[in-house]
Amino acid sequence: MRTPIIAGNWKLNKTVSEAVDLTSELAKLVDNITDVELVVAPVFTALSNVYNVINTSNIQLAAQDLYWEDSGAFTGEVSAPMLKDVGCDYVIIGHSERRQYFGETNETVNQKVKAALSHDLKPIICVGELLKEREAGKTEAVIDDHVKGGIVDLTESEMESCVIAYEPVWAIGTGKTATPDQAQEVHSFIRDILTNCYSENLSSQIRIQYGGSVKPENAAELMSQQDVDGALVGGASLDAQSFAEIVIQSR
Ligand code: 13P
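Everything numeric here is computed off the predicted structure, so don't read it as measured data. (Residues numbered from 1 in each chain as written. Predicted model: local features only at pLDDT ≥ 70, side-chain atom pairs only at ≥ 80, totals over all residues. Heavy atoms only, no water.)

Participant: Tell me about the overall build of the protein chain, and name the residues and values.
Facilitator: Broken down by element type, the protein chain carries 12 helices and 8 strands. The C-alpha extent of the protein chain, read off along each of the three principal axes, is 45 × 45 × 35 Å. Taking all 251 residues of the protein chain together, 53% fall into the buried category. For the protein chain, restricting intrachain contacts to residue pairs at least 6 apart in sequence, the fraction spanning at least 24 positions comes to 73%. Carbon and sulfur atoms provide 47% of the accessible area of the protein chain, an area that totals close to 11,000 Å². Positive and negative side-chain charges of the protein chain, numbering 19 and 37 respectively, have mean locations separated by a distance of 3 Å. (Helix = DSSP H or I, 4+ residues; strand = E, 2+ residues; numbered from the N terminus. Buried < 20%, exposed > 50% of the residue type's maximum accessible area, 1.4 Å probe, protein only. Contact = heavy atoms within 4.5 Å. Areas by Shrake-Rupley, 256 points an atom, 1.4 Å probe, with all protein chains shown as cover. Lys, Arg positive; Asp, Glu negative; His and termini not counted. Charge placed at Lys NZ, Arg CZ, Asp CG, Glu CD.)

Participant: Provide a residue-level description of a negative patch on the surface, including the pertinent values.
Facilitator: Together, Glu140, Asp181, Glu185, Asp192, Glu200 and Glu221 line one region of the surface with negative charge. For the negative patch, the element with the most residues is helix H9 (residues 180–197), which contributes 3 residues. Within the fold, Glu221 resides in helix H11 (residues 216–223). The class of Glu221 is exposed, set by a relative accessible area of 53%. (Patch = residues over 30% accessible without salt bridge, like charges linked within 9 Å, V, L, I, M, F, W, Y side chains within 5 Å. Salt bridge = Lys/Arg side-chain N within 4 Å of Asp/Glu carboxyl O.)

Participant: Please provide a residue-by-residue account of helix H12 (residues 240–249), values included.
Facilitator: Taken residue by residue, H12 has Ala240, Ser242, Phe243, Ala244, Ile246 and Val247 as its buried positions. Of the surrounding secondary structure, the elements contacted by the buried residues of H12 are strand E1 (5–9), helix H1 (16–29), strand E2 (37–41), H11 and strand E8 (230–233).

Participant: Could you give an account of the site of the ligand, naming the residues involved and the relevant values?
Facilitator: Every residue close to the ligand is listed here: Asn9, Lys11, His95, Glu167, Ala171, Ile172, Gly173, Gly212, Ser213, Leu232, Gly234 and Gly235. Residue Lys11 places a side-chain N or O atom 2.8 Å away from an oxygen atom belonging to the ligand. Contacts to the ligand include Gly173, whose backbone N or O atom sits 2.6 Å from an oxygen atom. Within the complex, 94% of the 310 Å² of free accessible area of the ligand lies under protein. Each residue belonging to the shell around the ligand can be placed in one class, and the counts come to 3 nonpolar, 7 polar and 2 charged. (Near = heavy atom within 4 Å. Polar contact = N/O pair within 3.5 Å; in protein donor to acceptor, adjacent residues only side chain to side chain. Nonpolar A, V, L, I, M, F, W, Y, C, P; charged D, E, K, R; others polar.)

Participant: Residue-level account of unusual backbone geometry, with values.
Facilitator: Of note, the phi angle at Lys11 is positive, near 50°, even though the residue is not glycine. You will see that Ser213, though not glycine, has its phi angle at about 55°, which is positive. Structurally, the position occupied by Ser213 is in the loop between strand E7 (208–211) and H11. On the accessibility criterion, Ser213 (16% relative accessible area) is buried.

Participant: An account of the nonpolar core is requested, with residue identities and associated values reported.
Facilitator: Taken as a class, soluble globular proteins show a tendency for nonpolar side chains to be buried jointly. In this structure, Ile6, Ile143, Val147, Met159, Ile190, Leu194 and Tyr210 are the most contacted members of the largest nonpolar core, which totals 67 residues. Of all hydrophobic cores here, the second largest spans 12 residues; its members include Ala7, Tyr90, Ala165 and Leu232. (Core = buried A, V, L, I, M, F, W, Y, C linked by side-chain atoms within 4.5 Å.)

Participant: Residue-level account of the side chain of Glu167, with values.
Facilitator: Considering the arrangement of structural elements, one finds Glu167 in the loop between strand E6 (163–166) and H9. Despite being buried, Glu167 has no salt bridge partner; Lys11 is the closest side chain of opposite charge, sitting 6.0 Å away. Beyond its immediate chain neighbours, meaning those up to four positions away, Glu167 contacts His95, Cys126, Val127, Gly128, Glu129, Ile172, Gly211, Gly212 and Leu232.

Participant: Hey, could you go over the pattern of salt bridges for me, with residue numbers and the actual values?
Facilitator: Opposite charge on two side chains allows them to pair when their charged atoms are near. Under the defined criterion, the tally for this structure stands at 14 salt bridges. One salt bridge in this structure joins Arg2 and Asp227, with 3.9 Å as the shortest N-O distance. Separated by 225 residues along the polypeptide, Arg2 in the segment before E1 and Asp227 in the loop between H11 and E8 bring together distant segments of the chain. When sorted by exposure, Arg2 lands in the same class as Asp227, which is buried. Among the salt bridges present, the one from Asp120 reaches Lys84, with a minimum N-O distance of 3.9 Å. Note that Asp120 is positioned in the loop between helix H5 (106–118) and strand E5 (122–127) and Lys84 in helix H3 (residues 80–85), a separation of 36 residues in sequence. For Asp120, a relative accessible area of 56% gives the class exposed.

Participant: Could you give an account of the packing of aromatic side chains, naming the residues involved and the relevant values?
Facilitator: With the rule as written, the count across this model stands at 4 aromatic pairs. With centroids separated by 5.1 Å and ring planes inclined at 45°, the aromatic side chains of Tyr67 and Phe74 adopt a geometry described as tilted. Assessed through its relative accessible area of 15%, Tyr67 is described here as buried. Three or more aromatic residues joined by ring pairs form one cluster here, namely Tyr67, Trp68 and Phe74. In this structure, Arg98 is placed above the aromatic ring of Phe102, and the distance from its NZ or CZ to the ring centre is 4.2 Å. (Phe/Tyr/Trp six-rings, centres within 6.5 Å; stacked < 30°, edge-to-face > 60°. Lys NZ or Arg CZ within 6 Å of the ring centre and 35° of its normal.)

Bear in mind that shape data such as this cannot, by itself, settle questions of function.
Now the structure itself:
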């Protein structure tokens, strides 16, 4: 039995005080939820203050990215031990926006995943095809490449700490959600990849989130699919009420 995991990726939004307000409101709305893992991913500058709000709550903290070296002459970067230091449990890695705008590749994703794991941070590894790739019938090839490329050399026990987020790029921020069938099809394909790379036992334990225009109105149907174990929510996570509603709908 996999515990669903709903994470809010706030992307490049919210000052520290706005992030604290959103978190405080959310914490009140979801304080009775014990059967869903809840995660918020604010910008780096708000991590510490958000942690102070959720410290004793049922909400966990994620960063939106990290660098693979622990420290050194890498201007502008933030490392795994630094994220641990401010209270992060999770870190999002390989989001399509990082792949599209910041040159993220499977190789850098893999280095970041290994760095996160070596500091006891749980990676949320994002994979997903572009519209033109879907239309060209390349969805499975792209997903296979992203999943296998991100998890190179991970042991079975390291893999157990990972979450995979399937985010079709054409559904991100567009209002176009994958249908529950489309999501299920890719999630099941990802589980097959994990079975082939590791074992049936391992693949049955890994949570696979869906992301891309998840909102209160479509969350229940998406989450009812057999291999959809939660959501990575962008826009709708910036409003406490709608994020809480998605959490309630997913149970
Ligand atoms: P939206 O929910 O805004 O489509 O964003 C999805 C996403 O990219 C989450 O990581």
